[in-house]
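Listed below are the residues making up each chain.
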Amino acid sequence: MGFFDCCSAFLTNLPDPAVPLLPSLFLGTSFASVILLCLYKKETNLPLRDILFHAARNVFCSLPDNSEGAAGHSDSERCDSVECVRCKRHEVLRQQVRARWRTWKKGKVDLGPLKRVEEAVSRLEKGRQGEKLEGKEEGKLKEESEGKVKNRGKGSKVSPPSKNKKEGGNKESSGKAESPQSSQSPTIFHMELAANPNWTDFEVHTNDQKLLKLNLEIIQKEFGAVFDALKSGDNSGWKNNNIPQGHWCIFPFVNQGKIVAQNCRRCPGVAELVLGCLPAMMNDCVFGNAAFSILYPNSHIAPHCGPTNLRLRCHLGLRVPPECWLEVAGQQHRWGVGKTLLFDDSFTHSAYFGSRPSAAQCEPRAILLLDFWHPDVSDEEKVCLLDLLAPLD
C-alpha cells in the first residue's frame, strides 16, 4: 500500500470531531496566542499588563493616516497627490512665482534691493533649484556666505559662535562632516544667503527663542492634552508622515502657510505664540510651518533637504528620551527639554530614534517645530517673497 493510500485510509476511519469547526479554531488561536505571549514576556521581561495594553493599543488605536496629501507628506518622501507642494505642485508654484514676479517688475522701478530675489527666480525658471551650484557661481556664493557669517557689520543680528556651546547645541561628531556647499541643496527655491547648517550657537532670533522657553509650561500642557487624546484613540488633527522605518506624526498649527484652525482652537496658547508673538515666524508663506512633531522608537527619518534656504527651522524640546538625535550636514545634535535647536534644513539632515528593550513603555520624542525667516532676508525682500510664495489654494 502506497503512502497516499495509507493517509486516505487513516483519514477515512477518523471519528467525527467532538468539537465544531469554529470553536476549534477559537481554541487553537487562543492556545497559540498564549504561547506567543509567554515567549514575548520571556524575551522582553515586561509585566503582563503592559504587554496586553501595548497589544490592545496597536489593534484598536490606529495611527493617523496621510490621506490628505500635502498635510501628511514628509520632506523625505515623494507622493502622487496633486495637493502636494513638494511633488506635482512644484510646477504650480513656479507658475505663481513667474507670474507675480512679472507684476513686480512692471510696477517697481528700482529693483536693486530685490536683486537676490530676481536671481533666485531666474534659477527657479531654469530648473536649477535642485542642483548643486557649480563653477563661478558656487565659488562666489561660498565666499560671500563665509564672509557674511564671519564678518558681520554693525547692527548685525548674527555674531560668531562662542567657544563655549550654548545649552541647546549639544553637538557631537558623527564621522567626517560634509562641507556646507556639498550638503546644501534646497529642492525648490534658492537665494544667495549666508550658508551655515547649524545656527544654534549664533545670536539669531534670540527673543523668539527666549519667548518659547518662557512659555514652555503652557506648550507642554497643551501638547500633553492632544497627545493623551491620541493615545486614547482620537487621532483627529494628527498627520502621519511617510518614513521608511517607524512612525513620525505631526499636529500642525500652520501647514505650508495655511492656518489649521481646528488644531489652533485645541491649543490656544501655542496658536497665540505662533500666529502673533513670534516676529521671526514665517507666516503667510508656502514654506512656513508650525507643528508638534513626535517620533516613535525604532524610527529613522532618512537624509533629505528642505525646499528652500529662506528659512531656519527651530526645534523646542518637549519630551526627549535617550537614544534619539538630529543630524545636520554630518553633525549630530541632541534635543533637550526646554532647549532650542536652530538649523538650516536646506542642508542634508535626518533624525533617528534607536530601538529600546522596553519600547512598549517608551514614549516618543516630542518637539515643537517652527520655521523662522533666515536672518539675511531683508524686510523689502520679505514683502516681495510673501507675495511670490503665498500659500497655494
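Residue indices begin from 1 for each chain and proceed along its sequence in written order. The predicted origin of the model limits local features to residues at a pLDDT of at least 70 and limits the giving and counting of side-chain atom pairs to 80 or more, whereas totals for whole chains, interfaces and linings rest on all residues. Working from all heavy atoms in the structure, the side-chain values ignore hydrogens and water.

Novice: Before we go on, may I ask you to explain the overall build of the protein chain in this structure?
Specialist: Looking only at helices and strands, the protein chain has 12 helices and 12 strands in total. A burial count over the protein chain gives 48% of its 393 residues as buried. In this description, contact between two residues means that some pair of their heavy atoms is separated by no more than 4.5 Å. For the protein chain, the share of sequence-separated contacts (at least 6 apart) that also reach a separation of at least 24 residues comes to 79%. Accessible surface, the protein chain: about 20200 Å² in total, of which carbon and sulfur atoms supply 55%. Strands are runs of DSSP state E lasting at least two residues, helices are runs of H or I lasting at least four, and both sets are numbered from the N terminus onward. Exposed residues in this analysis have more than 50% of their type's maximum accessible area, buried residues have under 20%, and partly exposed residues fall in between, with area computed by a 1.4 Å probe over protein chains only. Each accessible area is a Shrake-Rupley estimate made with a 1.4 Å probe; only the visible protein chains count as cover when residues are assessed.

Novice: What's the story with the nonpolar core in this structure? I'm lost.
Specialist: Grouped burial of nonpolar side chains is what soluble globular proteins tend to show. Core analysis: the largest hydrophobic core is formed by 38 residues, its most contacted members being Phe292, Leu368 and Leu370. Within the residue set of this core, elements represented by two or more residues are α9 (216-231), β3 (248-255), α11 (268-277), β5 (290-295), β7 (311-319) and β12 (365-373). For this core, the leading source of residues is α9, giving 6 residues. In this structure leucine 368 touches Leu212, Ile219, Phe253, Val270, Ala291, Phe292, Cys314, His315, Leu316 and Leu318, once residues within four positions along its chain are discounted. We call a set of buried Ala, Val, Leu, Ile, Met, Phe, Trp, Tyr and Cys residues a nonpolar core when their side-chain atoms join them within 4.5 Å. In terms of nonpolar packing, the next biggest core, distinct from the first, is built from 26 residues, Val117, Ile188, Phe189 and Cys285 among them.

Novice: I would appreciate a short explanation of a nonpolar patch on the surface in the present structure.
Specialist: The patches described consist of residues with a relative accessible area above 30% and no salt bridge, like charges being joined within 9 Å and nonpolar side chains (Val, Leu, Ile, Met, Phe, Trp, Tyr) within 5 Å. Salt bridges, as used here, are contacts in which a Lys or Arg side-chain nitrogen is within 4 Å of a carboxyl oxygen on Asp or Glu. A grouping of Phe31, Ile35, Leu36 and Leu39 is seen on the molecular surface, where their side chains present a nonpolar patch of about 440 Å² in accessible area. Structurally, phenylalanine 31 is set in helix α2 (residues 21-44).

Novice: What's the story with unusual backbone geometry in this structure? I'm lost.
Specialist: For residues other than glycine, phi is negative in most cases, and the peptide bonds are mostly trans. Here the phi dihedral of histidine 205 falls at roughly 50°; this positive angle occurs in a residue that is not glycine. Residue placement: histidine 205 occurs in the loop between α7 (180-183) and α8 (206-214). Judged by its relative accessible area of 14%, histidine 205 falls in the buried class. Located in the positive-phi region is glutamate 323, a residue other than glycine, with phi close to 65°. Inspection of the secondary structure puts glutamate 323 in the loop between β7 and β8 (324-328). You can call glutamate 323 partly exposed: its relative accessible area is 37%.

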